[in-house]
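# Survey of secondary and tertiary structure
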Amino acid sequence: MFIDLPSILIVLPPAILFGLAATSKADIKRGLSILISNEQDWTVIEYRKAAHFYNVTGNSAILLGAVMTLIGWIAMGSSLPADEFAITFGPAFAVSILTMVLGIMIKIICHIAEERIRYAADFY
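The present account deals with the structure reproduced in this document. The structure displayed is predicted, hence computed values, not measured ones.

Contact geometry for helix H3 (residues 44–79) and helix H4 (residues 85–123): axes closest at 8 Å, N-to-C directions at 170°. The orientation of H3 relative to H4 falls into the category roughly antiparallel. Its residues assigned to classes, the contact of H3 with H4 comprises 22 nonpolar, 9 polar and 3 charged.

With that out of the way, let us pick up the packing of aromatic side chains. In total, this model carries 2 aromatic pairs according to the counting rule given. Ring geometry for Phe53 versus Tyr54: centroids 5.0 Å apart, planes at 75°, classification edge-to-face. The class for Phe53 is buried, based on a relative accessible area of 6%. The exposure class of Tyr54 is buried, given its relative accessible area of 8%. Between the aromatic rings of Trp73 and Phe93, the centroid separation amounts to 5.7 Å while the plane-to-plane angle is 10°, which identifies the pairing as stacked. Taken as a pair, Trp73 in helix H3 and Phe93 in helix H4 lie far apart in primary sequence, 20 residues in all. Look at Trp73 and you get partly exposed, because its relative accessible area is 33%.

The rules behind the values
Along each chain, the written sequence defines residue order, and numbers are assigned to residues from 1. With pLDDT at 70 or above as the cut-off, local features in this predicted model cover only qualifying residues; side-chain atom pairs require 80 or more to be listed or tallied, and sums for whole chains, interfaces and linings still use all residues. No hydrogens and no water enter the side-chain calculation; it runs on all heavy atoms of the structure. Only C-alpha atoms enter the line fits that serve as axes; for helices the fit covers just the stretch in contact. Angles between N-to-C directions range over 0 to 180 degrees. Each helix corresponds to a stretch of at least 4 residues labelled H or I by DSSP, and each strand to a stretch of at least 2 residues labelled E; elements are numbered beginning at the N terminus. Orientation labels follow simple angle bins: below 35 degrees gives roughly parallel, above 145 gives roughly antiparallel, 65 to 115 gives roughly perpendicular, and whatever is left gives oblique. Residues are grouped as follows: Ala, Val, Leu, Ile, Met, Phe, Trp, Tyr, Cys and Pro are nonpolar; Asp, Glu, Lys and Arg are charged; all remaining types, including Gly, are polar. Here a pair means two rings of Phe, Tyr or Trp (six-membered ring of Trp) with centres within 6.5 Å. Their orientation is stacked below 30 degrees between planes, edge-to-face above 60, and tilted elsewhere. Only protein chains enter the area calculation, which uses a 1.4 Å probe; residues under 20% of their type maximum are buried, those over 50% are exposed, and those in between are partly exposed.

Written out as structure tokens, the structure is:
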């Protein structure tokens, strides 16, 4: 019910690409390394760059979710016939709002990853 492949494809890959565009592959690898193994041989700047990837990715996911939800509402409003509105609106609205929910979920995950990296940077 809450898993919709088109919603995932509309939000997740572009959010990751925006995060990559704002940082670098090295920052992503470093961030994953910090999250998985808690390595200690990074500088403060490297920690900040790794955290920045997750910040940009999470914020992009929320914005993409909002924009895609609005686009879905526009498409839905322009294509629903008046006589079928009551029957069709509920399911169509539920699917359209999934992109926003997915964007928020990705932001929460990215926020936790970002805070974990910042926490690790404070102790090393």
